[in-house]
Amino acid sequence: MSEVVHFYQTGTFTVGNRLVTPEERAGQASMERTNALTSGHRACQGCGEALGARYAVDAAMRAVNGRLAAANATGCLEVFSTPYPETSWQLPWFHSLFGNTAAVATGMAAAFKVKAKKSGGAETRVIAMGGDGGTTDIGFGCLSGMFERNDDVLYICYDNEAYMNTGVQRSSATPPAARTTTTQVAGDEPGNAWGQGKDVPLIAMAHGIPYVATATVADLRDLERKVTKAMSVRGARYIHILVPCPLGWGHGSGLTVQMARMAQQTGIFPVFEAEYGEVTGVSKIRRKIPVEQYLKPQKRFAHLFGKNADLTVIARIQAMADRNIKDYGLIDEEEVETHPTAVQGDERAHHF
């Protein structure tokens, strides 16, 4: 006789069943969750960043028993969560400038350490948060300094691959061939130029810091686990989360999680973790899909399909994904599928 398992609302902000042990429950399924980013914010429908931030910050809060403060760069997350004089944050939260979030968080961590030493009380831990613009571009120098000094801060980058808040301009995390307001569909190579940008997770690893990880909003339990692990470590830590943006990417608002999942399943966005510069674990691809399946729902890649489809560009993107699969061991060697490509040689791997 089978028994129906009910998923239900508990009367708080939690949802889920109570059949798993307490230590196995996600932060969002716990009745004690902090709801750090509460309802009432002004994010777009289907915003991947709001979803990622909610899970990441709640996981960090639970890991340190609520003794947490955040520094937040200017950007989408700051704008939609704190329209003056209102706020959706339920923790000590500091709005830094676009480019100095890592430095501000470093100062906060130092101040909390001194305060705890003088008072003899528990130390408040610090996270820093920013989008790809404030992380890979404007704030890159301060971030590298934080890594080099090994400051006790967890920096979380919510990567939606462009400056979405100011009108979808290109950032150094924007993928090749993608259309933005500053990389128009024109010229011999329409969309964003090839051979540019930064792979910040790899740059963070090159600093030899204690912990680096990538994650997506398609696997929230994995995201929570990595944030929890990061908060158990002292020193500089970095987590790079892919957060699809329906507005900037041009996909349906109900496809956000699916887009993130396909980015991982193609190999375009490798999901892994590393300690002191060495990869210690990867999320294997369960069912590899071609990059076309990921690109087609996004209007920013519409010029690659239809009457004037450019199969060469699609092949180059496929080559990038296949290179990531090989470099990170995302599929067992005997299971790797080969795809025809019109490109000679290896394309530089790039995290979309």
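In the nomenclature of an unreviewed UniProt entry, the chain is known as Thiamine pyrophosphate enzyme TPP-binding domain-containing protein of Sutterella wadsworthensis 2_1_59BFAA.

A. Quick look at the overall build of the chain. Secondary structure summary: the chain contains 11 helices and 10 strands in total. When each of the 352 residues of the chain is scored for burial, the buried share is 53%. Counted over contacts in the chain with a minimum sequence separation of 6, partners at least 24 positions apart contribute 70%.

B. A look at the side chain of T124. On the secondary structure map, T124 appears in the loop between helix 3 (101-119) and strand 5 (125-131). By relative accessible area, which is 14% here, T124 ends up buried. At 3.5 Å, the side chain of T124 forms a polar contact with the side chain of R67. When neighbours within four sequence positions are excluded, T124 is seen to be in contact with R67, L68, A69 and F112.

C. Quick peek at empty space enclosed by the protein. All told, the structure shown has two cavities of 30 Å³ or more when counted by the stated rule. The volume enclosed by the largest cavity comes to roughly 160 Å³. Tallied by class, residues from the lining of the largest cavity come to seven nonpolar, 10 polar and three charged.

D. Quick peek at the environment of E275. Within the secondary structure layout, E275 lies in strand 9 (residues 272-275). By relative accessible area, E275 is classed as partly exposed at 29%. Remark: the alpha-carbon pair of E275 and P210, spanning 65 residues in sequence, is separated by 5.1 Å. In contact with E275, other than residues within four places in its own chain, are I209, P210, Y211, K229 and T280.

E. Inspection of the layout of surface pockets at higher detail. As a volume, the second largest pocket reaches approximately 280 Å³. Every residue along the wall of the second largest pocket is listed here: T216, A218, D219, D222, A260, R261, Q264, Q265, V271, S283, K284 and R286. In terms of residue count, the dominant contributor to the lining of the second largest pocket is helix 9 (residues 256-266) (four residues). When grouped by side-chain class, the residues that make up the lining of the second largest pocket number three nonpolar, four polar and five charged.

F. Local environment of the packing of aromatic side chains. In this structure the tally under the stated criterion is six aromatic pairs. Ring geometry for F98 versus Y163: centroids 6.0 Å apart, planes at 70 degrees, classification edge-to-face. In this pair, F98 is assigned in the loop between strand 4 (93-95) and helix 3 and Y163 in the loop between strand 6 (154-159) and helix 6 (200-206), connecting sequence segments 65 residues apart. When its relative accessible area of 24% is taken as the criterion, F98 is described as partly exposed. Ring plane angle 25 degrees and centroid distance 6.1 Å describe the contact between Y155 and Y238, whose orientation is recorded as stacked. Placement of the pair is Y155 in strand 6 and Y238 in strand 8 (residues 237-242), with a sequence separation of 83 residues. Here the aromatic cluster, defined as three or more aromatic residues joined through ring pairs, consists of F147, Y155 and Y238.

How each quantity is defined
Residues numbered from 1 in each chain as written. Predicted model: local features only at pLDDT ≥ 70, side-chain atom pairs only at ≥ 80, totals over all residues. Heavy atoms only, no water. Helix = DSSP H or I, 4+ residues; strand = E, 2+ residues; numbered from the N terminus. Buried < 20%, exposed > 50% of the residue type's maximum accessible area, 1.4 Å probe, protein only. Contact = heavy atoms within 4.5 Å. Polar contact = N/O pair within 3.5 Å; in protein donor to acceptor, adjacent residues only side chain to side chain. 1 Å grid on protein atoms, 1.4 Å probe; cavity = no way out; pocket = protein on both sides within 12 Å on 5 of 7 lines; lining within 4 Å. Points joined across faces, edges and corners; volume = space filled by probe spheres on them. Nonpolar A, V, L, I, M, F, W, Y, C, P; charged D, E, K, R; others polar. Phe/Tyr/Trp six-rings, centres within 6.5 Å; stacked < 30°, edge-to-face > 60°.

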